[in-house]
Amino acid sequence: MIDTHAHLHFPQFDPDREEVVKECEEKLDAVITVGCDLEDSKKAIKLAESSKNIYATVGIHPHEAERYSEADYSRFVELARSSPRVVALGEMGLDFYRNLSSKAKQYEIFKMQVEAAKELNLPVVIHTRNAASEMASFIRENFNGVRGVVHCFSGEKELLEAALDAGLYISYSGIVTYPKNSTLRETLKYVPSSRLLVETDCPYLAPQPVRGKRNKPTYVAYTAKVIADVLGLNFTDVDRITTVNAKRLFGLPLTAEESKERLVYQVGDRLYVNLTGKCPCSCRFCFRGVEDYILGYNLNLSREPIPEEYMYRIKNPGVYSEIVFCGYGEPFERFEALKKVAQWIKKFSKDTPVRVDTCGLGYLITGDETVLDQLKGLVDSFSVSLNASSPEEYYRVVRPRFGPGSWESALKFIKDAKEKGFKVTVTAVAYPGFDAEPFKRLASELGVEWRIRPFKRFKPWEE
């Protein structure tokens, strides 16, 4: 696990810094200690250079903006270039709570640091307080091509949308564990897994179980546990997701395991089988083709492996609560491989449930309306991503390559699967403008279950 925002070089750690650093080296993958002005950033760099898994940032906090000007640009850039342990710029941003620097000066120094980030090709660490609307506007106007993270996110919808549209990461601190912050916890459901980070902001903001104490990097685990509970994941999942995300953002080396393409991947006690990157649909909310990493795994296959490679990696199918054919693309694009792997699973563990997550266009993809009969006894259930309650909405949002007739084929697949004894659930993403009630009525008319997933914003939504 990586604490993506700490201040280990602050005086609060003077009495026992060596002990705390040793604990970080033993229990965490890395810690980013964040600078707040140029002199403070020098301290952060010095500490990072003394430890194998501590990295530093160079930044000017909005509280300190009054003491700097654009004339300090070269000095700022020079310091950022002074050490390979510098992995980001910041913290920088807008703080209209205390206004220790004028708003005009805060904007000036913020813009200066963003320009430096473009020159240095480094990500930025964004601080915002009582300035969510202003920060959202600033990001939309200035962050084209700039990577970074909104640190210690506090739940503002407008800021979240602007940040995700810009491809920024969202970092949650110990405040997400506080009992009264249910609104903040709710926002977790709308952040793509590939954009989620955790932090402590230590020595401040200790999470609930240690609230009132001096915070420290290893306490990031308390925050990760709450995030796991909210998202229905386990602690290992959140550890993997946030660690991989942090490494990708800050340019830290991925392990061979983290970087390799995943044919199968585990989330909780389920195993997912990633057969292909092909899909006949181009859903407007889909990450395919934009993001390779989902749930901490690289799912973008550069080739289509043979079925035996999946069997080798599944090993013992009986240890999983369910095996799901669900990856970067549509399983029916490789129907013969799907069938062969499912046969192998059932041969060695007939009681392990097998599910196929599909767009429901299996008939059109294969040109064969006997595919359901061929899967009898091999597949137990289908989850069909319909994402619409009418053909007009379907063609506008799902955009299948087969064009007219796709909606009717998907509905026929759903009805046939139900009639043949498969458990069927139709699903939709609650994208902007989606109306849940007609979708629920359609599911009722089809006689199947339904599920509506949160819309995870990743890029500007085209109305």
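Attention in this report is confined to the structure presented alongside it. (Residues numbered from 1 in each chain as written. Predicted model: local features only at pLDDT ≥ 70, side-chain atom pairs only at ≥ 80, totals over all residues. Heavy atoms only, no water.)

**Some words on the packing of helix α5 (residues 132–142) against helix α6 (residues 157–165)**
The line we're drawing: To get an axis, fit a line to the C-alpha atoms, keeping to the stretch in contact for a helix; angles then go from 0 to 180 degrees between the N-to-C directions. Runs of E in the DSSP output that reach at least two residues are strands. Runs of H or I that reach at least four are helices, and both are numbered from the N terminus. With respect to orientation, any angle under 35 degrees is reported as roughly parallel, any angle over 145 as roughly antiparallel, any angle of 65 to 115 as roughly perpendicular, and every other angle as oblique. The sense of a crossing depends on the near helix, which, turned anticlockwise from the far helix by less than a right angle, makes the crossing left-handed and, turned clockwise, makes it right-handed. Any two residues whose heavy atoms approach within 4.5 Å at even a single point are treated as in contact.
The N-to-C vectors of α5 and α6 enclose an angle of 15°; their axes lie 8 Å apart at closest approach. Classed by the angle they form, the pair α5 and α6 counts as roughly parallel. Seen along the crossing, α5 lies across α6 with a hand that is left-handed. Residue-level inspection shows A132, S133, M135, A136, I139 and R140 of α5 in contact with α6, the latter providing E158, L159 and A162.

**Some thoughts on the environment of T187**
With respect to the element layout, T187 can be found in helix α7 (residues 182–187). Sequence spacing of T187 and T236 is 49 residues, and the spatial spacing of their C-alpha atoms is 21 Å.

**Details of the sheet that holds strand β3 (residues 54–58)**
Applied cut-off: Note: two strands are recorded as paired if DSSP finds a minimum of 2 bridges between them.
What the eight strands build is an open sheet, ordered β1-β2-β3-β4-β5-β6-β7-β8; its pairing is parallel. Taken across any chain shown, the strands that pair with only one partner, and hence form the sheet edges, are β1 (2–6) and β8 (196–198). The mean angle between the axes of side-by-side strands here comes to 30°, regardless of whether they run parallel or antiparallel. Of the pairings in the sheet, the one linking strand β6 (residues 148–150) to strand β7 (residues 169–172) comprises two bridges and is parallel in character. Looking at β7, one finds that V150 is bridged to I170. Sitting on the sheet, helix α2 (residues 38–48) touches β2 (30–33), β3 and β4 (86–95), and the angle it makes with β3 is about 160°. Against the sheet, α5 touches β4 and β5 (124–129), its axis set at about 150° to β5.

**Things to note about helix α8 (residues 220–231)**
Filter applied, for reference: Expected span of a helix, by definition, is 1.5 Å for each gap between consecutive residues, and there is one gap fewer than residues. Exposed residues in this analysis have more than 50% of their type's maximum accessible area, buried residues have under 20%, and partly exposed residues fall in between, with area computed by a 1.4 Å probe over protein chains only. The reported arc concerns the directions from the helix axis to the C-beta atoms and nothing else.
If you check α8, its first and last C-alpha atoms are 17 Å apart, about what 12 residues at 1.5 Å a residue would give, namely 16 Å. When α8 is considered as a whole, its buried residues turn out to be V220, T223, A224, I227 and A228. Down the axis of α8, the smallest arc covering the buried residues is 140°, so these residues share one side. Against the buried residues of α8 lie β7, β8 and α9 (235–250). Positive backbone phi, at 70°, marks G232, one or two positions downstream of α8.

**Topic: the pattern of salt bridges**
Selection rule: A carboxyl oxygen of Asp or Glu within 4 Å of a side-chain nitrogen of Lys or Arg is what we treat as a salt bridge.
For the structure shown, the criterion picks out 35 salt bridges. Here E333 makes a salt bridge to R401, at a shortest N to O gap of 3.1 Å. Of this pair, E333 sits in the loop between β13 (322–325) and α12 (335–348) while R401 sits in the loop between α15 (391–397) and α16 (406–419), and the two are 68 residues apart along the sequence. Connected through shared salt-bridge partners, R270, E322, R355 and D357 make up one network.

**Quick look at the packing of aromatic side chains**
We describe a pair of aromatic rings using the distance from one ring centre to the other and the angle between the two ring planes. Test applied: What counts as a ring pair is set by centres within 6.5 Å for rings of Phe, Tyr and Trp (its six-membered ring), and what kind of pair is set by the plane angle: stacked under 30 degrees, edge-to-face over 60, tilted for all other angles. Only when the NZ of Lys or the CZ of Arg is both within 6 Å of the ring centre and within 35 degrees of the ring normal is a charge said to sit over the ring.
Here the structure, examined in full by the defined rule, presents 23 aromatic pairs. With a centroid separation of 4.9 Å and an interplanar angle of 40°, the aromatic rings of F287 and F458 are classed as tilted. With a gap of 171 residues between them, F287 in the loop between β10 (270–273) and β11 (293–294) and F458 in the segment after β17 (449–453) connect regions that are remote in the sequence. Taken together, the ring pairs connect F332, F335, Y363, F382, F413 and F422 into an aromatic cluster. Here the basic side chain of R85 rests over the ring of Y55, its NZ or CZ set 4.1 Å away from the ring centre.

**Details of the pairing of strand β15 (residues 381–385)**
In terms of residue burial, β15 counts as a mostly covered element, since four of its five residues are buried. Here four bridges tie strand β14 (residues 354–358) to β15, and the two strands are oriented parallel to one another. Bridge assignment links T358 to a residue of β15, and that residue is V384. Note: β15 against strand β16 (residues 423–429), five bridges, orientation parallel. Residue S385 lies in a different strand from β16, and its bridge partner there is T427.

**A closer look at α5**
Of all the positions in α5, only A132, M135, A136, F138, I139 and N142 are classed as buried. The buried residues of α5 occupy one face: seen down the axis, they fall within an arc of 165°. Considering only its buried residues, α5 is in contact with β4, α4 (103–120), β5 and α6.

**What about the nonpolar core?**
Spelled out, the test is: By nonpolar core we mean a set of buried residues, namely Ala, Val, Leu, Ile, Met, Phe, Trp, Tyr and Cys, connected to one another through side-chain atoms within 4.5 Å.
The biggest cluster of nonpolar side chains holds 70 residues, and the ones touching the most others in it are V58, L89, F110, I126, F143, I170 and Y172. If you tally residues by element for this core, the top one is α4, at seven residues. Every residue in contact with V58, bar those within four places of it in the chain, is listed here: L38, S41, I45, F76, L79, A80, V86, A88, L89 and G90. Within the second largest apolar cluster, 61 residues are counted, among which are V379, A417, V424 and V448.

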